[in-house]
Amino acid sequence: MATVTMLNMAGQTAGTIDLKDEIFGIEVNEYAVHAVVKNYLANQRQGTQCAKTRGEVRGGGRKPFRQKGTGRARQGSSVSPNMVGGGRAFAPKPRSYRYSVPKKVRRLAMMSALSSKVAEQEIIVLDTLTLDAPKTKEMLNILANVKAAKKALIVTDVKNENVVRSAANIPGVKATMVGEMNVYEIVNHTSLIITKDAVNKIEEVYC
């Protein structure tokens, strides 16, 4: 098991915590991480792009000019894709980009992402994270105390509205809970700040 120093909100040592190797200490599978990140980004696409084909552009009912004698290339319609103001060849249409990835691959990618944070010493474990009210200044002080990077992902065991709202106005910082965290967010943020209770919940789910 990997032993990580646990901090409090003041940045002081609050003990140690053992992280299970089967979740936080596996060999990183880059293929699984890439596949899940690519899937996540594809699923975020709206797919609302649309352009008109030659059959949808208004006009084009008659030949724009005579066949011979003009010195120009022959044209049969003013809405042809090679004409200014014409339709678009192979025009994009609204579609869904969603697709699924096997559950085993998603699971492997999550454990690989967590393991990479431990291996690169980019994980910060807090004994607790509580705020009496949404205060951006207090969150900034906590991040400074634990020496977090500019891009940090804060993970709690349950949704903490005060924590979420306190981090909302800080560029590069996002707060979420165990049930909503994803591989893309873990990889995209430099520091992973996670509470002790969140670690226990992750180990309970993935073991």
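Above this text sits the structure in question.
Since this is a predicted model, take the numbers as computed values, not measurements. (Residues numbered from 1 in each chain as written. Predicted model: local features only at pLDDT ≥ 70, side-chain atom pairs only at ≥ 80, totals over all residues. Heavy atoms only, no water.)

I'm lost on the packing of helix α2 (residues 30-44) against helix α3 (residues 103-119) in this one. Help?
When two helices pack together, you describe them by how their axes are tilted relative to each other and by the distance separating the axes. Viewed as axis vectors pointing N to C, α2 and α3 meet at an angle of 110 degrees, and their least axial separation amounts to 8 Å. As far as their axial angle goes, α3 and α2 are roughly perpendicular. Packed against α2, whose contacting residues are A32, V33, A35 and V36, the element α3 presents V105, R106, L108, A109, S112 and A113 at the interface. (Axes fitted to C-alpha atoms, helices over the stretch in contact; angles between N-to-C directions. Helix = DSSP H or I, 4+ residues; strand = E, 2+ residues; numbered from the N terminus. Parallel < 35°, antiparallel > 145°, perpendicular 65-115°, else oblique. Contact = heavy atoms within 4.5 Å.)

Before we go on, may I ask you to explain the pairing of strand β5 (residues 173-177) in this structure?
Consecutive side chains of a regular strand alternate in pointing toward one face of the sheet and then the other. As paired elements, strand β4 (residues 152-156) and β5 share five bridges and run parallel to each other. Its bridge partner being in β5, L153 is matched across the sheet by K174. (Pairing = 2+ DSSP bridges.)

Help me understand helix α4 (residues 136-145) in this model?
An α-helix turns once every 3.6 residues. As a result, residues three or four positions apart point the same way. For α4, the set of buried residues is M139, I142 and L143. Projected down its long axis, α4 carries its buried residues within an arc of 100 degrees, all on one side. The exposed residues of α4 that point more than 90 degrees off its buried face are K137 and A144. Looking at the buried residues of α4, the elements they touch are β4, α5 (161-168), β5 and β6 (191-195). The positive-phi residue at the C-terminal boundary of α4 is K147, with phi of around 60 degrees. (Buried < 20%, exposed > 50% of the residue type's maximum accessible area, 1.4 Å probe, protein only. Arc of directions from axis to C-beta.)

Purely spatial values, then, with no claim about function.
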